[in-house]
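In case you want the letters, here they are:
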Amino acid sequence: MSRIKYGEEILGIIDELVTTSPINALSLIKKIEDESRQEIGIDKEAFFSNPVITERLIKIGQKYEGDDNVIEEIIRTVTTISERFNVKTQNLYDFLFNHIESKNNKIKYAIASCFPFLPQFD
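Residues numbered from 1 in each chain as written. Predicted model: local features only at pLDDT ≥ 70, side-chain atom pairs only at ≥ 80, totals over all residues. Heavy atoms only, no water.

Participant: Could you give an account of helix α7 (residues 105-114), naming the residues involved and the relevant values?
Facilitator: A turn of α-helix holds 3.6 residues, and therefore any two residues three or four places apart point the same way. Looking at α7, one finds that the buried residues are I107, A110, I111 and C114. Down the axis, α7 shows its buried residues gathered within 95 degrees of arc, on one side only. In α7, the exposed positions that point more than 90 degrees away from the buried face belong to N105 and Y109. Looking at the buried positions of α7, the neighbouring elements they touch are α5 (68-85) and α6 (90-99). The backbone nitrogen of K106 has a side-chain oxygen 2.7 Å away, supplied by the residue at the start of α7, namely N104. (Buried < 20%, exposed > 50% of the residue type's maximum accessible area, 1.4 Å probe, protein only. Helix = DSSP H or I, 4+ residues; strand = E, 2+ residues; numbered from the N terminus. Arc of directions from axis to C-beta. Contact = heavy atoms within 4.5 Å. Polar contact = N/O pair within 3.5 Å; in protein donor to acceptor, adjacent residues only side chain to side chain.)

Participant: Which residues make up the nonpolar core, and what values do they have?
Facilitator: Counting residues in hydrophobic clusters, the biggest one holds 32 residues, and the most contacted among them are L17, F48, L57, I74 and I75. Mapped by element, the contributors of at least two residues to this core are α1 (3-19), α2 (22-37), α3 (42-48), α4 (51-63), α5, α6 and α7. Here this core takes 7 residues from α5, the largest share from any one element. (Core = buried A, V, L, I, M, F, W, Y, C linked by side-chain atoms within 4.5 Å.)

Participant: Before we move on, can you summarise the packing of aromatic side chains with the specific residues and values?
Facilitator: One pass over the full model with this rule turns up 2 aromatic pairs. An angle of 85 degrees between the planes, with centres 5.2 Å apart, marks the rings of F47 and F48 as edge-to-face. Here the two residues F47 and F48 agree in accessibility, since each one is buried. Their ring planes at 25 degrees and their centres at 5.3 Å tell us that F48 and F85 sit as a pair that is stacked. Within this pair, whereas F48 is found in helix α3, its partner F85 is found in helix α5, the two being separated by 37 residues in sequence. Summarising the burial analysis for this pair, F48 and F85 share the class buried. (Phe/Tyr/Trp six-rings, centres within 6.5 Å; stacked < 30°, edge-to-face > 60°.)

Participant: Please give an account of the side chain of T80 that cites residues and values.
Facilitator: Its place among the elements puts T80 in helix α5. At a separation of 3.2 Å, a polar atom in the side chain of T80 contacts the side chain of E33. Ignoring sequence-local partners within four residues, the contact set of T80 consists of E33, S36 and R37.

Participant: Explain unusual backbone geometry to me, and be specific about the residues and the numbers.
Facilitator: Not every positive phi belongs to a glycine, and N86 is a case in point at roughly 55 degrees. In this structure, N86 sits in the loop between α5 and α6.

Participant: Let's hear about the pattern of salt bridges: which residues, and what values?
Facilitator: Within the structure shown, the criterion is met by 3 salt bridges. Of the charged contacts in the structure, one is a salt bridge between R37 and E33, with a shortest N-O distance of 2.9 Å. Placement of the pair is R37 and E33 together in helix α2, with a separation of 4 residues, close to one helical turn. Given a relative accessible area of 6%, E33 falls into the buried group. The partner of R76 in a salt bridge is E72, and the shortest N-O contact between them spans 2.8 Å. Residue R76 and its partner E72 are both found in helix α5; the two are separated by 4 residues, about one turn of the helix. The exposure class of R76 is partly exposed, given its relative accessible area of 24%. With relative accessibility at 10%, the residue E72 sits in the buried group. (Salt bridge = Lys/Arg side-chain N within 4 Å of Asp/Glu carboxyl O.)

What follows is the structure in structure tokens.
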């Protein structure tokens, strides 16, 4: 798949996240995370290493702020991307810090699991 086609496909999923229901959003975010975990190719490296992708996912997380399942999946996805493709932004750190005090244990666990990969948490 060409780099442009790959980018268009993933960006299409991200664009769909903006207007979909929380239940549908959860499955779409899982698709993005699964894609970011697969073997790294030049197309994937070029796409996921761009901080704009992480920033867009964080904005989507802010849209679904009231849905803990979506927030948990967003945290897992952005930290996976951050770790694998070395994408670290201030908005990522801020997003994670905003959810440290969550009452949801799954969210706390998702944030705790990313501490080793994010130097701001040292």
